Amino acid sequence: MAQRIATRALQTRLYSASVGTSASPATALPASQLVVAKARNGIQVATEENDSSLSRVVCAVKAGSRYEDSQQRGVTHCLRVTADLTQRQTRTFRLVRELQQMGGSITCTTSREHILYTLEVPRQLVGSALPLLTGAAFNQSFRPWEIGDSLPRLEYELLALSEQPDKRVVEKAHEAAYRQSGLGRSLYAPYFQVGQFSSDMLKEYVGKYFTSDRISFAGSGLDHSLLLDAANNLEVKASEVPAQPAARYHGGEIREESEDLLAYSMLVGEGASCTGSDVMAFAALEQLLGAAPQIRWASNVTSNRMNAALTQKTSEPFNVQSFNVNYSDSGIFGVSAVTVPENSDVVIKTAVEQLRALADTPVDAVALQGAKNRVKATIAFQEECPSDIVYSRAIQLLTKGSLTDLKSTLSAVDAVTAADVQQAAKKTLSSKLSLVSIGEIENVPYVADL
């Protein structure tokens, strides 16, 4: 009771004080500044000071799974699960404890082209946290017993993958399109490699690909000099890896029967690279054919041509949408579908019909403008996500050597014509198609029948 009275009296005094005090004028924050520079050792650095209370830093390394050789399959998966192990100057316990005390986190993600280490920490502590980020990426000890202790986590991820046919079909689609090399390499280690990763193997891979010309840093919410100094202080050598040939699309078919009650299918052909002149045409084609709806749980029969056509042919449940992935020197474009087994034939064939229709007849101006508007909205929404921005900048520095501003990107979308979209559809259909199906696939057509 006494505490309640004391609190009420304190509130009364504070309220009366606030009434008698004049409000101070609002102070506008300075405009954010984006600075791009190259460190003394050749590492590219991009930093935006946006006065955020949270600092984000992404270290990108061009060392994804496409660079694994036949003896190193899955090594990037192992690097991903061992990113929190003992460093040369910091043990695992100290790394975790210091990050907890700072209220920060370090995560490692991998793609077919890059390994990305991400730091998020309150801005006043970013100077102390940066050495932990660079240590996780470049100064790991790879002690054999710690690698062995990480195997259960690797096995767990492989077990989880075996229970997720929607993810397996994407991995198999890359294998069918590019075969078992380059972009055909999976993001996950094969089962036969579990227990085969040694300290020497990891050190060899890191020493070969973690070189100055294959590294970039992108940050937001911190001073540029902090990140540039961290890059300057890294002791990394220049690359001795010869230039690799561009990825070559092949095409093929993989069918995998399983106990799943649904049929998971992916039909793809050759697409656009992220540096190609037709990349925006494929982005518009993706929207026209049937991208995922912007509104959750929406049926999307207005802009999704495949959904509109299928609702006239079947009453069975299905999920079908276009699939578009762009890499530095290649890409794949097509359709992803999940259907009940008896419906898979009509779904796949209808999707191909709609893609052929876009290749045969130029799209009308209204539909094209709507597709371009949705592409621009998708790009603009990504620019509103701070984590997506730093990811994109780090990868752009490695892929293009510079950053593309939002205005230029949107202008490139506006420049897409109906003829560009038609040519993109023809490019995919003229390539040898790749079809992957997993689950109860008796009624899934063969790629030769399409």
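Attention in this report is confined to the structure presented alongside it. (Residues numbered from 1 in each chain as written. Predicted model: local features only at pLDDT ≥ 70, side-chain atom pairs only at ≥ 80, totals over all residues. Heavy atoms only, no water.)

1. Examining the overall build of the protein
Point 1. Regarding its fold elements, the protein presents 16 helices and 11 strands.
Point 2. For the protein, the spread of C-alpha atoms along the three principal axes comes to 75 × 60 × 50 Å.
Point 3. Burial statistics for the protein: of 450 residues in total, 48% are counted as buried.
Point 4. Of the contacts formed within the protein by residues at least 6 apart in sequence, a portion of 80% connects residues at least 24 apart.
Point 5. Split by element, the accessible area of the protein, about 22,300 Å² in all, is 51% carbon and sulfur.
Point 6. In the protein, 43 positive and 48 negative side-chain charges are present, and the distance between their average locations comes to 5 Å. (Helix = DSSP H or I, 4+ residues; strand = E, 2+ residues; numbered from the N terminus. Buried < 20%, exposed > 50% of the residue type's maximum accessible area, 1.4 Å probe, protein only. Contact = heavy atoms within 4.5 Å. Areas by Shrake-Rupley, 256 points an atom, 1.4 Å probe, with all protein chains shown as cover. Lys, Arg positive; Asp, Glu negative; His and termini not counted. Charge placed at Lys NZ, Arg CZ, Asp CG, Glu CD.)

2. Observations concerning the sheet that holds strand 10 (residues 331-339)
Point 1. One open sheet holds the five strands; their spatial order is 7-11-8-10-9, and the pairing between them is mixed. The open sheet has two edge strands, strand 7 (253-257) and strand 9 (318-326), and neither has a second partner. The average angle at which neighbouring strand axes cross in this sheet is 15°, direction not considered.
Point 2. By the bridge criterion, six bridges tie strand 8 (residues 263-270) to strand 11 (residues 434-439) in an arrangement that is antiparallel. (Pairing = 2+ DSSP bridges. Axes fitted to C-alpha atoms, helices over the stretch in contact; angles between N-to-C directions.)

3. Here we look at the sheet that holds strand 1 (residues 33-38)
Point 1. With respect to topology, six strands assemble into an open sheet ordered 1-2-6-3-5-4, the strand pairing being mixed. Each of the sheet's edge strands pairs with one partner strand only, and the pair in question is strand 1 and strand 4 (105-110). Going from strand to strand, the sheet's axes swing by 15° on average, the running direction of each strand aside.
Point 2. Relative to the sheet, helix 4 (residues 126-138) contacts strand 3 (54-61), strand 4, strand 5 (115-122) and strand 6 (215-220), its axis offset from that of strand 5 by approximately 160°.
Point 3. Contacts from helix 14 (residues 386-399) reach strand 1, strand 2 (44-49), strand 3, strand 4, strand 5 and strand 6, with the element oriented near 155° to strand 6.

4. Some thoughts on the nonpolar core
Point 1. Of all hydrophobic cores here, the largest spans 54 residues; its most connected members are Ile43, Tyr117, Phe138, Phe210 and Phe217.
Point 2. Setting aside its immediate chain neighbours within four residues, Phe210 contacts Val61, Ala63, Ile115, Tyr117, Ala137, Phe138, Tyr205, Ile215 and Val236.
Point 3. Counting residues in each nonpolar core, the second largest holds 40 residues, with Ala263, Leu310, Ile379 and Leu433 among its members. (Core = buried A, V, L, I, M, F, W, Y, C linked by side-chain atoms within 4.5 Å.)

5. Observations concerning the environment of Ser434
Point 1. If you trace the backbone, Ser434 turns up in strand 11.
Point 2. For the pair Ser434 and Ala448, spaced 14 residues apart in the sequence, the C-alpha separation amounts to 9.9 Å.
Point 3. From its side chain, Ser434 meets the backbone nitrogen of Gly252 in a polar contact 3.3 Å long. (Polar contact = N/O pair within 3.5 Å; in protein donor to acceptor, adjacent residues only side chain to side chain.)

6. Section: the packing of helix 10 (residues 279-290) against helix 16 (residues 418-430)
Point 1. Interaxial distance between helix 10 and helix 16 falls to 8 Å at its minimum, and their mutual angle equals 85°. As summarised for this structure, helix 10 and helix 16 are arranged roughly perpendicular, according to the angle between their axes. When helix 10 is examined against helix 16, the residues Ala281, Phe282, Ala284, Leu285 and Leu288 are found in contact with a partner set consisting of Asp420, Val421, Ala424, Ala425, Lys427 and Thr428.
Point 2. Class assignment for the residues of the contact of helix 10 with helix 16 results in eight nonpolar, one polar and two charged. (Parallel < 35°, antiparallel > 145°, perpendicular 65-115°, else oblique. Nonpolar A, V, L, I, M, F, W, Y, C, P; charged D, E, K, R; others polar.)

7. Focus: the pattern of salt bridges
Point 1. Inspection of the entire model under this criterion finds 16 salt bridges.
Point 2. We note a salt bridge from Arg66 to Glu113, for which the minimum N-O separation is 2.8 Å. Of the two residues, Arg66 sits in the loop between strand 3 and helix 2 (75-81) while Glu113 sits in the loop between strand 4 and strand 5, which places them 47 residues apart along the sequence.
Point 3. In this structure Arg66 comes out as buried when scored by relative accessible area, which is 9%.
Point 4. Assessed through its relative accessible area of 6%, Glu113 is described here as buried.
Point 5. In this structure, Arg66 engages Asp329 in a salt bridge whose closest nitrogen and oxygen atoms are separated by 3.1 Å. Separated by 263 residues along the polypeptide, Arg66 in the loop between strand 3 and helix 2 and Asp329 in the loop between strand 9 and strand 10 bring together distant segments of the chain. (Salt bridge = Lys/Arg side-chain N within 4 Å of Asp/Glu carboxyl O.)

8. With respect to the layout of surface pockets
Any empty space left between atoms is shown by rolling a water-sized probe over those atoms.
Point 1. Its volume calculated, the second largest pocket comes out at about 770 Å³.
Point 2. Taken together, 33 residues line the second largest pocket, and the ones lying closest to its centre are Arg88, Thr134, Phe138, Asn139 and Leu234.
Point 3. Listed by contribution, the elements that provide at least two residues to the lining of the second largest pocket are helix 4, helix 8 (199-209) and helix 9 (224-232).
Point 4. Considering every element that reaches the lining of the second largest pocket, the biggest residue donor is helix 4, with 10 residues.
Point 5. Residue classes in the lining of the second largest pocket are distributed as 16 nonpolar, 12 polar and five charged. (1 Å grid on protein atoms, 1.4 Å probe; cavity = no way out; pocket = protein on both sides within 12 Å on 5 of 7 lines; lining within 4 Å. Points joined across faces, edges and corners; volume = space filled by probe spheres on them.)

9. What about the pairing of strand 2?
Point 1. Strand 2 sits mainly inside the fold: five of its six residues count as buried.
Point 2. Across six bridges, strand 1 lies against strand 2 in antiparallel orientation. Following the sheet pairing, Lys38 is matched in strand 2 by Gln44.
Point 3. Connecting the antiparallel pair strand 1 and strand 2 is a turn made up of five residues, with Gly42 showing a positive phi of about 100°.

10. What to know about the packing of aromatic side chains
Point 1. All told, the structure shown has five aromatic pairs when counted by the stated rule.
Point 2. A centroid spacing of 5.6 Å and a plane angle of 40° characterise the contact between Tyr67 and Tyr209, whose relative ring orientation is tilted. Taken together, the residues span a long stretch of sequence, with Tyr67 in the loop between strand 3 and helix 2 and Tyr209 in helix 8 at a distance of 142 residues.
Point 3. You can call Tyr67 buried: its relative accessible area is 10%.
Point 4. For Tyr209, a relative accessible area of 2% puts it in the buried group. (Phe/Tyr/Trp six-rings, centres within 6.5 Å; stacked < 30°, edge-to-face > 60°.)

11. Comments concerning the state of the cysteines
Point 1. Summed over all chains, the structure comprises zero disulfides.
Point 2. For Cys59, which is in no disulfide, the shortest distance to another cysteine sulfur is to Cys108 and amounts to 9.7 Å. (Disulfide = S-S within 2.5 Å.)

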